[in-house]
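Here is how the chains run, residue by residue.
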Amino acid sequence: QRIYGDTAVTTFLLVVLIAASTCTASAAEASTTSAGHKQLDSVSVRFYNDQTSRLSETDVTELPEHLWQDVEPGGVTTFGYSASAIWCHIRITAPADESVVIELPTTRLDHVHWFQVTDGKPVLLDRNGLLDNRDSGIAGQQYPGVYLPATASGRYELLFRATSDCSLAIPVTVTTAAKW
């Protein structure tokens, strides 16, 4: 596994592009864009390459921290063609009054399973890869994704599991619903 800072890559790569602010301000100090939309306070993205493709969502939440690979905004990790399941763990802090959208703008993922993690326990939210239920996900969109309603805390923790018979190129967009 190699990490590159350059986003000009081939489709043999796992591409993580985060369209979000990574500042560490408190929710009360959230910045706004010129259009008046609030920015996300922080986004953390990391991945695990399940080469067996057999781990469950519970197994993944119990993995030691050192097995997860952090990804910086715009960072790229290579996998090539693989039968692996790629797990992505996302932590988001948003202003309390903002909903959040996570979208994977690619149609090349056969299966994408989304889990919300609460008190360390993952709960299935949706399945919306190419070969999964295409009537779910974000209304009117062709890409896998989830819409997360605003919460009082503004904190979200999610996992998604992506698999494909093709190469794994997974751009990830995380932003507020208003900005999206």
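Keep in mind that what you see is a predicted model, and the values were worked out from it rather than measured.

Draft legend 1. Focus on the overall build of the chain. Assigned secondary structure in the chain consists of 1 helix and 12 strands. The order of helices and strands in the chain, counted from the N terminus, is β-β-β-α-β-β-β-β-β-β-β-β-β. Taken over 180 residues, the chain has a buried fraction of 48%. Here the analysis covers contacts within the chain between residues at least 6 apart in sequence; of these, 74% occur between residues at least 24 apart. For the chain, the exposed surface amounts to about 8900 Å²; the carbon and sulfur share of it is 49%.

Draft legend 2. Spatial organisation of the sheet that holds strand β3 (residues 42-50). Here 6 strands make up an open sheet; going across it, the order is β4-β3-β6-β11-β8-β9 and the pairing antiparallel. The two strands at the open ends of the sheet, each matched to only one other strand, are β4 (69-71) and β9 (121-127). The sheet shows a mean angle of 25° between the axes of neighbouring strands, taken without regard to direction. Looking at chain direction, strand β8 (residues 111-118) and strand β11 (residues 155-163) are connected through 6 bridges and run antiparallel. Paired with His111 across the bridge in β11 is Thr163.

Draft legend 3. Region of interest: the pattern of salt bridges. Applying the stated rule across the entire model yields 2 salt bridges. The partner of Arg46 in a salt bridge is Glu65, with the nearest N and O atoms 2.6 Å apart. Note that Arg46 is positioned in strand β3 and Glu65 in the loop between α1 (57-61) and β4, a separation of 19 residues in sequence. On the basis of relative accessible area, Glu65 is assigned to the exposed category, the value being 53%.

Draft legend 4. A look at the packing of aromatic side chains. For the structure shown, the criterion picks out 3 aromatic pairs. Measuring from centroid to centroid gives 6.0 Å for Tyr48 and Trp68, while their planes differ by 55°, and the two rings are tilted. Separated by 20 residues along the polypeptide, Tyr48 in strand β3 and Trp68 in the loop between α1 and β4 bring together distant segments of the chain. Of the two residues examined, Tyr48 and Trp68, each falls in the buried class.

Draft legend 5. Quick look at the sheet that holds strand β7 (residues 100-103). With antiparallel pairing, the 3 strands of this open sheet are ordered in space as β10-β7-β12. Of all strands in the sheet, those with a lone pairing partner are β10 (145-148) and β12 (173-176), marking the two edges. Direction aside, neighbouring strands of the sheet carry axes that sit 10° apart on average. Here β7 runs beside β10; their pairing, made up of 4 bridges, is antiparallel. If you follow Val101 over to β10, its bridge partner there is Tyr147.

Draft legend 6. Quick peek at the side chain of Glu98. With respect to the helices, strands and loops of the structure, Glu98 is situated in the loop between β6 (85-93) and β7. Apart from residues lying up to four places away in sequence, Glu98 is in contact with Lys38, Ala150, Tyr156, Thr176 and Ala178.

Definitions and limits used
- Residues numbered from 1 in each chain as written.
- Predicted model: local features only at pLDDT ≥ 70, side-chain atom pairs only at ≥ 80, totals over all residues.
- Heavy atoms only, no water.
- Helix = DSSP H or I, 4+ residues; strand = E, 2+ residues; numbered from the N terminus.
- Buried < 20%, exposed > 50% of the residue type's maximum accessible area, 1.4 Å probe, protein only.
- Contact = heavy atoms within 4.5 Å.
- Areas by Shrake-Rupley, 256 points an atom, 1.4 Å probe, with all protein chains shown as cover.
- Pairing = 2+ DSSP bridges.
- Axes fitted to C-alpha atoms, helices over the stretch in contact; angles between N-to-C directions.
- Salt bridge = Lys/Arg side-chain N within 4 Å of Asp/Glu carboxyl O.
- Phe/Tyr/Trp six-rings, centres within 6.5 Å; stacked < 30°, edge-to-face > 60°.

Nothing here speaks to function; it is geometry throughout.
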